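Observations on the three-dimensional arrangement
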Amino acid sequence: VYMVATNTSTFVATVYKSIDGGSSWNPSGAGLPGGQSVQSVHYTNGVLLCGTEGGIYRSTNAGSSWTLANPSPLPNASSSNYAKKFFQFGSTTLAVYSASIGSAGGIYRSTDGGVQWFNGNGGLALNMVVHQVAEAGGLLYTATTAGLASSNNLAVTWNQIATANFACYGVQG
């Protein structure tokens, strides 16, 4: 189950909302695509983001309604490539897609709550699948199937940390 909390509500995917600390739950998916799995939910600055097999959806009204937020360059989402995780670093939101970078996966970044998105794969290899992102000492680190990389500019570009080709599945700041 994917879960995210705001100051007043808790949401779980597919998306249900609780306003009483989880004692009761009500559907909160008006506008989400039917028949497609919700893979992730995220909250930042009054905006809910939902990663589905149909794309990233935004809600600015506490989940009462959702709209597709898939401007270019976000890839066409599918059952094999979707926003599987979101990460927040200051005002920058990262959406990590499930496919390899060469198959339109990897990292996409937004600095305005998901209205506009930018490719965040600069410096990462096409064969990489991104698993995790963390911050430590002012740098972002990403764990990928081909090693660890760092970014000093909030995922605009990345630098490989090791030249060896090894899988890295997690990183913690």
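Use the structure listed above.
To start, this report covers the structure provided alongside it. (Residues numbered from 1 in each chain as written. Predicted model: local features only at pLDDT ≥ 70, side-chain atom pairs only at ≥ 80, totals over all residues. Heavy atoms only, no water.)

1. Concerning the overall build of the protein
On a plain count of helices and strands, the protein comes out with 0 helices and 16 strands. Expressed as a percentage of the 173 residues in the protein, the buried residues total 49%. Pairs at least 24 apart in sequence give 40% of the contacts found in the protein among residues at least 6 apart. Of the roughly 7900 Å² of accessible surface on the protein, a fraction of 50% belongs to carbon and sulfur atoms. (Helix = DSSP H or I, 4+ residues; strand = E, 2+ residues; numbered from the N terminus. Buried < 20%, exposed > 50% of the residue type's maximum accessible area, 1.4 Å probe, protein only. Contact = heavy atoms within 4.5 Å. Areas by Shrake-Rupley, 256 points an atom, 1.4 Å probe, with all protein chains shown as cover.)

2. Re the nonpolar core
Leu94, Ile107, Leu124, Val133 and Trp158 are the most contacted members of the largest nonpolar core, which has 15 residues in total. Sorting the residues of this core by element identifies β9 (83–89), β10 (92–97) and β13 (130–136) as the ones contributing at least two each. (Core = buried A, V, L, I, M, F, W, Y, C linked by side-chain atoms within 4.5 Å.)

3. Things to note about the side chain of Asn121
Take Asn121: it is sitting in the loop between β12 (118–119) and β13. Taking relative accessible area as the criterion, Asn121 reaches 8% and is therefore assigned buried. A polar atom in the side chain of Asn121 sits 3.2 Å from the backbone oxygen of Gly105. Ignoring any residue separated from it by four or fewer positions in sequence, one finds Asn121 in contact with Ile101, Gly105, Gly106, Ile107, Tyr108 and Trp158. (Polar contact = N/O pair within 3.5 Å; in protein donor to acceptor, adjacent residues only side chain to side chain.)

By themselves, these observations are geometric and do not establish any function.
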